[in-house]
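Now for the letters of each chain:
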Amino acid sequence: MFKTWHQPGKILDRKNVYTGRVFAVDQLHIQTPDGLKVERDLIKTDPTITILAISSDDQVVMSSEYRAGVNGDSVSLPAGIVNPGETSEQAAARELREETGYVAKSVTKMTRITSSEGFMDQFADLMLIKFDPSERVQRHFDKDEFVNSALVPLTQVVDWIKAGKVNTAQAVSSVGYYMMFLK
């Protein structure tokens, strides 16, 4: 049906045109698996995780944090970057603890998604964390972040997604995956 599905292209030439704190941009000349020669700009990023932290009584940890891409606070699920040498599971437990103070009892990878594979290499592992709301520790933010967090009933989170109030691709994907395949 899709004879070139998941086959890589051949990178003929790669030139870095920008490197910043969070991402880099490379200009690529590629021969695609179906034989086309194309030029593409590629935004290179670190791998990320998004966390659906849910208690035994279906309370979800939601976060509010300023995001430059929308120039405002965004309400979503906790998320972060996977540090070098860290697994997605370790990153999820660390980010939940640092940003919210909640401690993971179990961490499971639900699936991996891509953000915008037409021009980015970023992927996000969607992680399911089970936690006990009564166990909380001191939060530790990065020097350039501040995160508010709250427990919200899963049914309310679903309503917010349906109404477009929570609209990050990772949050919609995480809750959708959980509702379709794990609940």
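Residues numbered from 1 in each chain as written. Predicted model: local features only at pLDDT ≥ 70, side-chain atom pairs only at ≥ 80, totals over all residues. Heavy atoms only, no water.

(A) A look at the overall build of the protein. If you tally the helices and strands in the protein, you get three helices and 10 strands. Order of helices (α) and strands (β) in the protein, N terminus to C terminus: β-β-β-β-β-β-β-α-β-β-β-α-α. Per-residue burial for the protein yields a buried fraction of 37% across its 183 residues. When contacts within the protein are restricted to residue pairs at least 6 apart in sequence, those whose partners lie at least 24 apart make up 56%. A total accessible area of about 11100 Å² is found for the protein, and carbon and sulfur atoms account for 52% of it. Of note, the protein has its 21 positive side-chain charges centred 4 Å away from the centre of its 24 negative side-chain charges. (Helix = DSSP H or I, 4+ residues; strand = E, 2+ residues; numbered from the N terminus. Buried < 20%, exposed > 50% of the residue type's maximum accessible area, 1.4 Å probe, protein only. Contact = heavy atoms within 4.5 Å. Areas by Shrake-Rupley, 256 points an atom, 1.4 Å probe, with all protein chains shown as cover. Lys, Arg positive; Asp, Glu negative; His and termini not counted. Charge placed at Lys NZ, Arg CZ, Asp CG, Glu CD.)

(B) The arrangement of the environment of Ile113 in detail. With respect to the secondary-structure elements, Ile113 resides in strand E8 (residues 102–114). Taking relative accessible area as the criterion, Ile113 reaches 18% and is therefore assigned buried. Sequence spacing of Ile113 and Met1 is 112 residues, and the spatial spacing of their C-alpha atoms is 22 Å. Apart from the residues within four sequence positions on either side, Ile113 is in contact with Gln122, Phe123, Ala124, Leu126, Ala169, Gln170 and Ser173.

(C) A look at the packing of aromatic side chains. Taken as a whole, this structure holds five aromatic pairs when the rule is applied. Above the plane of the ring of Phe123 lies Arg112, whose end atom (NZ or CZ) is 3.5 Å from the centre. (Phe/Tyr/Trp six-rings, centres within 6.5 Å; stacked < 30°, edge-to-face > 60°. Lys NZ or Arg CZ within 6 Å of the ring centre and 35° of its normal.)

(D) Molecular detail of the pairing of strand E9 (residues 123–136). Where strand E4 (residues 48–54) lies against E9, seven bridges are found, and the strand directions are parallel. Bridged to Ala53 within E9 is Ile129. Relative to E9, E8 runs antiparallel, the two sharing 10 bridges. Across the sheet, the residue bridging to Thr111 is Leu126, located in E9. (Pairing = 2+ DSSP bridges.)

(E) View of the nonpolar core. Within the largest apolar cluster, 17 residues are counted, with the highest numbers of intra-cluster contacts made by Leu52, Val60, Met62, Leu77 and Tyr178. Those elements that place two or more of their residues in this core are E4, strand E5 (59–67), E8, E9, helix H2 (154–162) and helix H3 (169–182). When neighbours within four sequence positions are excluded, Leu77 is seen to be in contact with Thr50, Ile51, Leu52, Val60, Val61, Met62, Ala171, Ser174 and Val175. If you look at the next biggest cluster of nonpolar residues, it comprises 12 residues, including Ala53, Val82, Ala91 and Tyr102. (Core = buried A, V, L, I, M, F, W, Y, C linked by side-chain atoms within 4.5 Å.)

Function-wise, these values are silent; they only describe arrangement.
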